[in-house]
Structure formats: structure tokens, C-alpha cells
Amino acid sequence: MRRTHTCGALRAEHDGLSVTLLGWVNRARDLGGLVFVDLRDRTGMIQVVMDAAADTIVGADALRSEWVVRIEGRVRLRPVEQRSARLATGDVEVEATVLTVLSEADTPPFPVDGSVDAADVNEELRLKHRYLDLRRPEAMAPLLLRHRVIKAIWEFLDREDFVQVETPLLTRSTPEGARDFLVPARARPGHVYALPQSPQLFKQMLMMAGVERYFQIARCFRDEDLRADRQPDFTQLDIEMSFVDQDDVLELNERLMHHVVRAATGTEISLPFARLPYRDAMDRYGSDKPDVRFGLELAVLDDVFAASAFNAFRAPLDAGGAVRGLVLRAPHAGAVSRKTIEELEAHAKQHGAKGLAWVRRAGDAFSGPISKFLGDGEMVALAALAPDEGDLILFVADRWSVACTALGAVRTHLRSLLDLPIAPGHAFLWVTDFPLLDRDEASGGWTYMHHPFTRPEDDDLPLLERDPGAVRAVAYDLVLNGHEIGGGSLRIHRLDVQRRMFAALGMDDAEARERFGFFLEALRFGAPPHGGIAWGLDRLVMLLAGARSLREVIAFPKNQRGVDPLTDAPASANRAQLDELGLTVRERVS
RNA sequence: GGAGCCGUAGUGUAGCGGUUAGCAUAUCUGCCUGUCACGCAGAAGGUCGCGGGUUCGAAUCCCGUCGGCUCCGCCA
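Just so we're clear, the structure is a prediction, and the values are computed from it rather than from any experiment.

J.: Whenever I open this one, the overall build of chain A confuses me. Can you help?
T.: Secondary structure assignment for chain A yields 16 helices and 22 strands. Seen along its three principal axes, the alpha-carbon backbone of chain A occupies a region of about 95 × 75 × 55 Å. Within chain A, the fraction of its 590 residues that count as buried is 48%. Considering only intrachain contacts with a sequence separation of at least 6, the fraction spanning at least 24 residues in chain A is 67%. As displayed, chain A offers around 29100 Å² of accessible surface, 50% of which is attributable to carbon and sulfur atoms.

So, in C-alpha cells, the structure goes:
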């Protein structure tokens, strides 16, 4: 059975060598007495020539795509005029002496031989037969990249004295704020395990255990609706360090990322990464994970309209909100018609804006529905932003976060609409200085922005009770090309602070003890100051691979409804299983 | 929970009120010794996602439904 070479390895230097190859028939070309087969394995393809009349070669004319065969033969140089630049092995071919069919194969449900671009094949069908899909080198490549990324992570962190520790998958509900996946416990009727949304509390307790530097490639589970960059089970690189401040964590992560990108892709990224405070990210880009590879920054127009006669702008400002503008200069502004503005407005509205106002420079003044409301001072200020005929300014006035994010959504949409160039390379960015708490729309109280173990800035501690919204967190997100690929913080390591945090979240002592008693207990016994980060590994690999969705970098991904098209999970449980767990299924009433 | 886009031979698509539902490719049969998306000749292959409606007539228009994708909500 053993092969002497892989298909992709053969070169002119192997001329004359006797070889044994194993692989799949990518395509067979039967010329009658002569049969050519492109033999494929993970490493590549090689052309095999078979004389159909030879005694030792039986059934060459019957070979079909995706059959698995063993070839014994001799490597030889192809005639000069017949060398193929398309294949890495194109200078040579293997003249078969023995053909063994190891497996026949049905005609595949979609082409896997590279004759059709996979992006053109229905994704559901590809996922249903993912083992076939992955035979295509372009489909396999992200998995190989992912392997190199993880290997590089291990190399680097091991060298930096980190210890890999595994944490349980069957555990207790963790406080990340998402819906849990629950697993009924047979031995404890009425009780459930929860699958971890992250190893957060375990890694903190590992710090309390004195591990000091921990990491794990950790599976995490969140039962929320999916997106192109969200799967219900996903992988984090989880890191936690003791006796560190924020710069220690960021600096280590930058060096780690540098090593990973170099080892996995061969490209150099420049250090250190830019840092952008959350407030600035929102003001300038309308996003807490801005894509900074193109301009089109938002303009802060609060001062311009502070005393405006235009109520739709001034009223939000009076209520503590904001007015943001997006200026489109001459060459691009001309491409944006009223119809396009309507499309952009739909986008802004989807992100919470009530509308998208606009003015266009016309001579010394402005045209557009709201131009008649502009006062002299406003005209002067806007004219400076839009000096040329036809220049366009789009506005959203609303609550600060809505004004920023709605116009931020317009910004990214405009980029693709106008096909504005994107700076090449990887745009890594730290977003820092997040608020600790955020208004909870539902309850009217406060909720955590990161998670309830995030350390407040020491200077802001007194504000925790007086003015919770003003407390800054020592928290940071890592952003790459407009995607959040990591997030972390320093953690609370003092019991009294943790209790005040819970109180600020409206959680009384009884509830805190019920949910996190074991953790509060742990905080009593000498917890080191610590902090860390978690990388969204799937997302990082997706971006490094240039893939469009997470599904391309996961071997067996789920679709948008959380269904695995291959296994058709989730499946119904049978009666005996339910009985054993003490469960009954209620018919859905609605 | 909401919005948008998409469902036509195995696959990719055309057709947008009257077609024998077209094309390419794959498949099957025959021929073929230098192909490489081999070529040539022929054949078979369709519940136009499903249900209802409008119409003399529906793949085509309308409503519903199921499925897929993208986005909002949600997810630090």
C-alpha cells in the first residue's frame, strides 16, 4: 500500500524514478488506446499516462472522477511542447505500469475537480457533502492555514512560559450574557450542565491557583442567532496572565500576532498596533470595530448645530445626543444620486436612525431638502467641509451611539458602493478605554459592556455608585479590517470591588452568591491581579484566509439556523433518552 | 422577532403570461495513442421548492408556506 511519493512532490529531478502513488482521480481523459488521469492527493496533482492495451493495466478506460486508485509506474519528462504550467508537477508525468482500483465512486453531486468555481455551487449542497467539498484544494487551504496558526500559537506561548490547561465543557452557566446551551444531567434530575460561553471564570481561578500564565484553544458555545462571522460553537484562543497591567497584555499579544501571521502566512505586520479610544472610534468611524483601511471619516458637528434653528438637529443635541456628518467630495459625490441617498437612508434607518439628511454644495449655497433650515453660521461651517460644487454632506442626528453607528453603517456601505480602494495588508487596531457599564434598555438599569469581572479604572472606583455610566473599564478589543477578533480586560481581583460591581449591576448578595458563590469564595483566598484576552480564532483565520464566512474555515460548520447540513443535527431525541433524562417534549403552542 | 435577496435536469444557468422549458457541463453509449475543462457522434435526464389564487392559459403575475444566504434585533 505504501506510497513512495506524494502527487504534488514530483519534479523533473525525479525523472526515471519508479514510484507508487495513492490518490483520487481528479479527471480522466480517455483517448482510446491511451488514457490520461490527473491523480490528486492533499499535496497536489500529477498526470498519469496509461496504455490501455498493456497487460498489467486493466480497467483504465473505466476510471471515473473521484475513484481512489494506486498507481505504480515510472516518472518521465513530458515532451517539451507538452509541459503544463498549470500544474506544479507539469514538467513530468508518471507512466503507469500497474493500476489498482481501491474504491469506485458515484458521480459527485457537484464538481470537485476544479472545473467549476466552488463559489458558484450552492453552499448548502457543499456542506451536505463537506467531505467532497474539502477535496478541492481551495476548500482545504483554510484548514491547513488554521493548523499553522494554532501551531504558531503553541510555539510562541510555550516559549513565553505559558501553560496550556483544559477547562470543562460540561459546566455551569457562565456570565457572558448570551443564551446558554444546556445539557440535562441524568444523575441529577431537574438539573442541567451549561456548555461554556467562554472559560472566563475557570481561567481566573487558574490565576488564583498560581498558574500565572495560561492559554487554551478553547471551544465556546453561545445560543444566539448566527451571522456570516458567528457560529454557535466556535473557538477562542484564551489567554490569562497574572501580575500584569494593560500594556503587558497588549504587548504580548502584538508579538504573538506578529509571530502567528509570519509563521502562518509568511507576511510581516508592523508593530505596535495603533490604539484608538472607544469614544474616538465611534466619533470618527461610527463603529467600535472600525475598518481603518479607507478614509471617509465622520465629522463631529455638535458645535455647528448647537444653537441651530433646525429642530431635527438641535433637539437631539439638547437631549445630550449628537450630530454626525459624512462628507463626500467631488469625484465620489457625483456618483451618489438621490436614489442612492434613499438606499443609504434605508441603511441608516436599519441601524436606528430616524432618517438621513443631506445637503449638496450648489454655488455659494447648498441644495437639498434641509438646506433652507441652515443658518449663516452653519452655512459657513459646512461650506468649509464641502468647498467644491457638488460636494455632498450626509447627516444623522440622534442619541450619540445611534448617530455614530447609523452613519458608520452608511460609511461602510458607501465604500463598497463607490468601490473605494482599501489599503492593502492587515489593519490591526486596539480599541481601548471602553466604558465599564452601559444602559440596559430593557430594565433601565446598568449592564456590563464586557463582562461583570472587568476591572474599573482605579481612579473611577468612587463613581461606581455615584455615576456608573462614567466609569471607565480597563478593557480592550483587538480589531482587524473591521472585524472584532479579540477582546479582553484586566479583572477584578478584590472581593470588595467585585461585590460593588455586582451591586452596580443590580444584583443583590443573594443572587450573586447563588450564581457566583464559588467564585466569590475563591476571591477570599489571595487572588493575584490578573488580566487577559480571548481571540476569536475562527474569525482571525477567516480574515487571514481572505474567506467570506466562518463556514469556510471550519471543517464541519453549521448553517444560519444552527443546523449541520451534513449530519442534520440537531435531531429529535427518542423516547427512551427523554425518559431517562426525565424530560417531556411539549408541542409548540402559538 | 423583523427586513432584503434567491429557489428551473446531477451541477451552473436562460426563459419573466401562450416555447416540445433552451444552453453549458456532468452522466450513459460508440469512435479515438499525446490529452490536460481532450475531441467527435448519439442518447437519456425537469413535480420549474411546495400549496392556493388570478387567467381561456402560469416556470412567468398575486398570496401563503418551506428552504438557503445577507443584514437588524440578539451576541461583550
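J.: Would you explain the packing of aromatic side chains in this entry?
T.: Given two aromatic rings, one states the distance between the centres and the angle between the planes to describe the pair. Inspection of the entire model under this criterion finds 15 aromatic pairs. Ring plane angle 10° and centroid distance 4.7 Å describe the contact between F273 and F428, whose orientation is recorded as stacked. Of the two residues, F273 is situated in the loop between helix 5 (246–265) and strand 11 (274–277) and F428 in strand 17 (residues 428–432); the sequence distance between them amounts to 155 residues. For F428, a relative accessible area of 8% puts it in the buried group. Ring plane angle 35° and centroid distance 5.1 Å describe the contact between Y278 and F434, whose orientation is recorded as tilted. Taken together, the residues span a long stretch of sequence, with Y278 in helix 6 (residues 278–285) and F434 in the loop between strand 17 and strand 18 (437–439) at a distance of 156 residues. Looking at F434, the relative accessible area reads 6%, which means it is buried. Through pairs of rings, three or more aromatic residues link up here, namely F305, F310, F313, F373 and F395.

J.: Before we go on, may I ask you to explain the nonpolar core in this structure?
T.: L356, L394, V410 and L414 are the most contacted members of the largest nonpolar core, which has 60 residues in total. The element best represented in this core is helix 11 (residues 400–418), accounting for eight residues. With residues near it in sequence (within four places) discarded, V410 still touches L326, L344, A348, L356 and L394. Grouped together as the second largest cluster of nonpolar side chains are 42 residues, L145, V249, I533 and M542 included.

J.: Would you mind showing me how to read the protein's contact with RNA strand B here?
T.: Of all residues adjacent to RNA strand B, which total 43 residues, the nearest are R27, R78, Q82, E93 and E176. Among atoms of RNA strand B positioned within 4 Å of the protein, sugar and phosphate together represent 55%. The side chain of R230 places a nitrogen or oxygen atom 2.7 Å from a base nitrogen of RNA strand B. Within the residue set of the surface near RNA strand B, elements represented by two or more residues are strand 1 (18–30), strand 2 (34–41) and helix 1 (123–128). Counted by class, the surface near RNA strand B contains 11 nonpolar, 13 polar and 19 charged residues.

J.: Whenever I open this one, the sheet that holds strand 2 confuses me. Can you help?
T.: Picture the strands of a sheet paired through backbone hydrogen bonds; they go either parallel or antiparallel. Read once around its circumference, the closed barrel built from five strands follows the order 1-2-3-5-4, with strand pairing classed as mixed. The mean inter-strand angle of the sheet, taken between neighbouring strand axes irrespective of direction, is 55°. Sheet analysis places strand 2 next to strand 3 (residues 44–51), joined by eight bridges and oriented antiparallel. Within the sheet, the bridge partner assigned to V37 lies in strand 3 and is V48.

J.: Explanation requested: the sheet that holds strand 11 in the structure shown.
T.: Overall, mixed pairing links the eight strands, which are arranged 6-9-10-22-21-20-17-11 in an open sheet. The sheet is open, and its two borders are formed by strand 6 (163–164) and strand 11, each paired with just one other strand. Bridging between strand 21 (residues 483–490) and strand 22 (residues 530–536) involves five bridges; their strand directions are antiparallel. From the neighbouring strand, L490 faces strand 22, where its bridge partner is G531.

J.: Honestly, unusual backbone geometry in this entry has me stumped. Any pointers?
T.: Only a minority of non-glycine residues have a phi that is not negative, and only a minority of peptide bonds are not trans. Of note, the bond from L271 into P272 is cis; its omega dihedral lies within 30 degrees of zero at -10°. Residue position: P272 is located in the loop between helix 5 and strand 11. Of the consecutive residues A569 and P570, the connecting peptide bond is found in the cis state with omega at 0°. Within the secondary structure, P570 sits in the loop between helix 15 (537–545) and helix 16 (575–581). Phi is positive for D161, close to 75°, though the residue is something other than glycine.

J.: Any chance you could explain the pattern of salt bridges here in plain terms?
T.: In total, this model carries 42 salt bridges according to the counting rule given. Notably, a salt bridge pairs R76 with E95, separated by 3.1 Å at the nearest N-O pair. With R76 in strand 4 (residues 68–77) and E95 in strand 5 (residues 92–103), this residue pair connects regions lying 19 residues apart in the sequence. A residue is classified by how much of its surface remains accessible, and R76, at 31% relative accessible area, is partly exposed. D388 is the salt-bridge partner of R329, the closest N and O atoms lying 2.7 Å from each other.

J.: Can you walk me through helix 14 (residues 509–523) in this structure?
T.: Along an α-helix, residues three or four positions apart point the same way, because every turn accommodates 3.6 residues. Between the first and last C-alpha of helix 14 there are merely 15 Å, a value that for 15 residues lags more than 12% behind the 21 Å anticipated at 1.5 Å per step. Taken as a whole, helix 14 carries its principal kink of about 95° at F516. Those residues of helix 14 that sit buried are A512, F516, F519, L520, A522 and L523. Where helix 14 is buried, its residues contact helix 4 (200–208) and helix 13 (495–504). A distance of 3.2 Å separates the backbone nitrogen of A510 from a side-chain oxygen at the start of helix 14, and that oxygen is part of D508.

J.: Can you help me understand the packing of helix 3 (residues 137–159) against helix 15 in this one?
T.: A pair of packed helices is captured by two measures, namely the crossing angle of their axes and the spacing between those axes. Relative to each other, helix 3 and helix 15 sit at 120°, their axes nearing to 10 Å. Put simply, helix 3 runs oblique to helix 15. Judged by the sense of rotation from one axis to the other, the crossing of helix 3 with helix 15 is right-handed. Touching P142, L145, R146, V149, I150 and I153 of helix 3 are L537, D538, L540, V541, L544 and A545, all from helix 15. Taken together, the residues of the contact of helix 3 with helix 15 sort by class into 10 nonpolar, no polar and two charged.

J.: Before we go on, may I ask you to explain the pairing of strand 9 (residues 213–221) in this structure?
T.: Sheet faces and side chains relate simply in a regular strand, where the side chains alternate between the two faces. Here strand 6 runs beside strand 9; their pairing, made up of two bridges, is parallel. The partner of V163 across the bridge, within strand 9, is Y214. In terms of strand pairing, strand 9 meets strand 10 (residues 233–242) through nine bridges, oriented antiparallel. Bridge pairing in strand 10 links C220 to F234.

J.: Sorry if this is basic, but what is going on with the pairing of strand 14 (residues 357–362) here?
T.: Counting buried residues in strand 14 gives five out of six residues, a clear majority hidden from the surface. Hairpin connection between strand 14 and strand 15 (residues 365–367): a loop of two residues separates the two successive antiparallel strands, and G363 in this loop has a positive phi of roughly 65°.

Calculation notes
Residues numbered from 1 in each chain as written. Chains lettered and ligands numbered in written order. Predicted model: local features only at pLDDT ≥ 70, side-chain atom pairs only at ≥ 80, totals over all residues. Heavy atoms only, no water. Helix = DSSP H or I, 4+ residues; strand = E, 2+ residues; numbered from the N terminus. Buried < 20%, exposed > 50% of the residue type's maximum accessible area, 1.4 Å probe, protein only. Contact = heavy atoms within 4.5 Å. Areas by Shrake-Rupley, 256 points an atom, 1.4 Å probe, with all protein chains shown as cover. Phe/Tyr/Trp six-rings, centres within 6.5 Å; stacked < 30°, edge-to-face > 60°. Core = buried A, V, L, I, M, F, W, Y, C linked by side-chain atoms within 4.5 Å. Near = heavy atom within 4 Å. Polar contact = N/O pair within 3.5 Å; in protein donor to acceptor, adjacent residues only side chain to side chain. Nonpolar A, V, L, I, M, F, W, Y, C, P; charged D, E, K, R; others polar. Pairing = 2+ DSSP bridges. Axes fitted to C-alpha atoms, helices over the stretch in contact; angles between N-to-C directions. Salt bridge = Lys/Arg side-chain N within 4 Å of Asp/Glu carboxyl O. Expected span 1.5 Å × (residues − 1). Bend = angle between axes of the 7 residues up to and from the residue. Parallel < 35°, antiparallel > 145°, perpendicular 65-115°, else oblique. Left-handed = near helix turned anticlockwise from the far one by under 90°.

Keep in mind these numbers describe shape, not what the thing actually does.
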